[in-house]
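# Results of the structural survey
Next come the chains, spelled out residue by residue.
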Amino acid sequence: MSTSSSLNGKRIVLGVGGGIAAYKSIELLRRLVDSGAFVSPVLTQSSLKFVGETTFSALGSEPARTSLWDSGDPIPHTRLGQQADVIVVSPATADLIARYAAGIADDLLTTTLVATSAPVVMVAAMHTEMWQHPSVEDNIATLRRRGVIVIEPETGRLAGGDIGVGRLATIERVVATIEGLFIKSNKSGSLSGKKVLVTAGGTREAIDPVRYIGNRSSGKQGIAFAEQAANFGAEVTLVSTVPAAAGRGVEVIEVESAQEMFDAVSALAGETDLVVMAAAVADFRSKIISPTKIKKNNGAPQIVLEPTPDILAYLGSVKPKNQVLVGFAAETGDPEAEARRKLKAKNADFVVANNVLEHDAGFAVDTNRVTLVFGDSQVTLALADKRDIASKVLSFVAEWAFKNGVWSE
Ligand code: C5P
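Residues numbered from 1 in each chain as written. Predicted model: local features only at pLDDT ≥ 70, side-chain atom pairs only at ≥ 80, totals over all residues. Heavy atoms only, no water.

## Overview of the domain arrangement of the chain
Note the following rule: Source of the domain bounds: an automatic or database domain assignment. The contact criterion used throughout is that any non-hydrogen atoms of two residues lie within 4.5 Å. Buried area: the accessible surface (1.4 Å probe) lost by two parts on joining, summed over both. Criterion for a salt bridge: a side-chain nitrogen of Lys or Arg within 4 Å of a carboxyl oxygen of Asp or Glu. Any pair of N or O atoms that falls within 3.5 Å is considered a polar contact. Within protein, one atom must be able to donate a hydrogen and the other to accept it, and sequence-neighbouring residues count only if both atoms are side-chain atoms.
We note that the domain assignment places domain 1 (4-182) and domain 2 (188-403) within the chain. One C-alpha centre belongs to domain 1, the other to domain 2, and the line joining them spans 33 Å. Of the residues lining the interface, 11 residues belong to domain 1; the matching set on domain 2 comes to 11 residues. The largest share of the area that domain 1 buries against domain 2 comes from Arg-144, Arg-173 and Gly-180, three residues that together contribute 49% of it. Counting across the domain 1 and domain 2 interface gives 2 salt bridges. With its nearest N and O atoms 3.4 Å apart, the salt bridge here joins Asp-388 to Arg-173. For the pair domain 1 and domain 2, the interface holds 2 residue pairs in polar contact (both at pLDDT 80 or more).

Written as structure tokens, this is what we have:
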């Protein structure tokens, strides 16, 4: 048993919903118990069609519960809810998400959810069509607004041979997210009490009311940074050109152009402990924005470009001594060399370099392979989901900041 995990001694209620991914919660249970947590399994009636109570009783810290009525304890839901340090629901099915969002409490798991003030982590897994149904999207938004942490499903093979989004997140991600809730000591990489500013997405530079100069950035990596920073306890502001869900610890400011992003970021940066400039900010914009749509029959227009404000360079020039500044270098050539040049030119503390021409890294895909360039050193992280890349970079940066005295306790 590992005693170094932040889960050591924590009381966890592991709720299991009725979906094919229920079998994965057996491994999750094992991992949580191995981390030193006291885990009480609560199985819904429909989960019992997929997995057995005996398995959860054998591996859990106490016998599994399957009903409000089957133990000598007359109020198991209040006891479980009051004692829990965290409640984890895995898999969180569309039905469980809906019942929890509506406040329905008609079995042991939903009564426990409604009777607790502990943090709740819902690990969603379901078929793609269900995940994308507007009712599920609305319910997820409701839960997030209330402070529930929703771990979104990944894309991959689903039950019945289909491929799409809906697959349960990896056990590693689930455990890392739960651990992130309990990392107390700043030295171990937590961002507890820190203010973090993240930018995401590609800016759009208007040419006329209809057209713009843009780029292929999806905003996924930046949004992942914002979510993971919040999971690590930070107070996060996400300045994004793509719509992103505000959630527990994340406030979203939507912008469109480099200038709007500059205005939002420069107003906040002075008070910020960590800035992650993940946005793909346009380097040039049209010098003149036509107030009306440019007409084809007037011939091809001459569009004169001018530079946009370089936000990262500006932040580097006014950087307070207790602030960590992280930039990105999305390159098609030699990313590390370019990153090193940018590190110096923009006075950043870290530049995250990636080659956007690789098929499994960079724009729009869910995975990334990056090199962290800092000082005279560099560290390359293996190909991973963008959320895992965000966790690793944030932990590394936080440790560096404490070790180098940029942040104090
Ligand atoms: O110089 P380049 O655009 O390649 O630098 C990339 C880094 O600089 C990214 O972190 C990006 O967010 C930031 N940047 C910026 N303002 C610009 C252009 C890039 O902050 N106008």
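Picking up after the structure, the text goes on.
## So, the confidence of the model for the chain
Under the convention used in this document: One number per residue, pLDDT, summarises how confident the predictor is, and it ranges from 0 to 100.
With 96% of its residues at a pLDDT of at least 70, the chain reaches an overall mean of 91. With pLDDT under 50 throughout, residues 185-189 is counted as low confidence; its partners more than four residues away or in other chains account for 11 contacts.

## Some remarks on the packing of aromatic side chains
How two aromatic rings sit relative to each other is set out by the distance from centre to centre and by the angle between their planes. The criterion, for reference: Each Phe, Tyr or Trp ring, with Trp reduced to its six-membered ring, pairs with another whose centre is within 6.5 Å; inter-plane angles below 30 degrees give stacked pairs, above 60 give edge-to-face pairs, and intermediate values give tilted ones. Note on conventions: DSSP H or I runs of at least 4 residues are helices, E runs of at least 2 residues are strands, and numbering of each starts at the N terminus. Any residue under 20% of the maximum accessible area for its type is buried, any over 50% is exposed, and the rest in between are partly exposed; the area is computed with a 1.4 Å probe on protein chains only.
Using the criterion set out here, one finds 7 aromatic pairs in the structure. Ring centres 6.3 Å apart and planes at 85 degrees place the aromatic pair Phe-350 and Phe-396 in the edge-to-face group. Of this pair, Phe-350 sits in strand β17 (residues 350-355) while Phe-396 sits in helix α13 (residues 386-403), and the two are 46 residues apart along the sequence. Here Phe-350 falls in the buried class, since its relative accessible area comes to 0%. Judged by relative accessible area, Phe-396 falls into the partly exposed class, the value being 30%. Relative to Trp-407, the ring of Phe-402 lies with its centre 5.4 Å away and its plane at 75 degrees, an arrangement referred to as edge-to-face. In this structure, Phe-402 and Trp-407 share a single accessibility class: buried.

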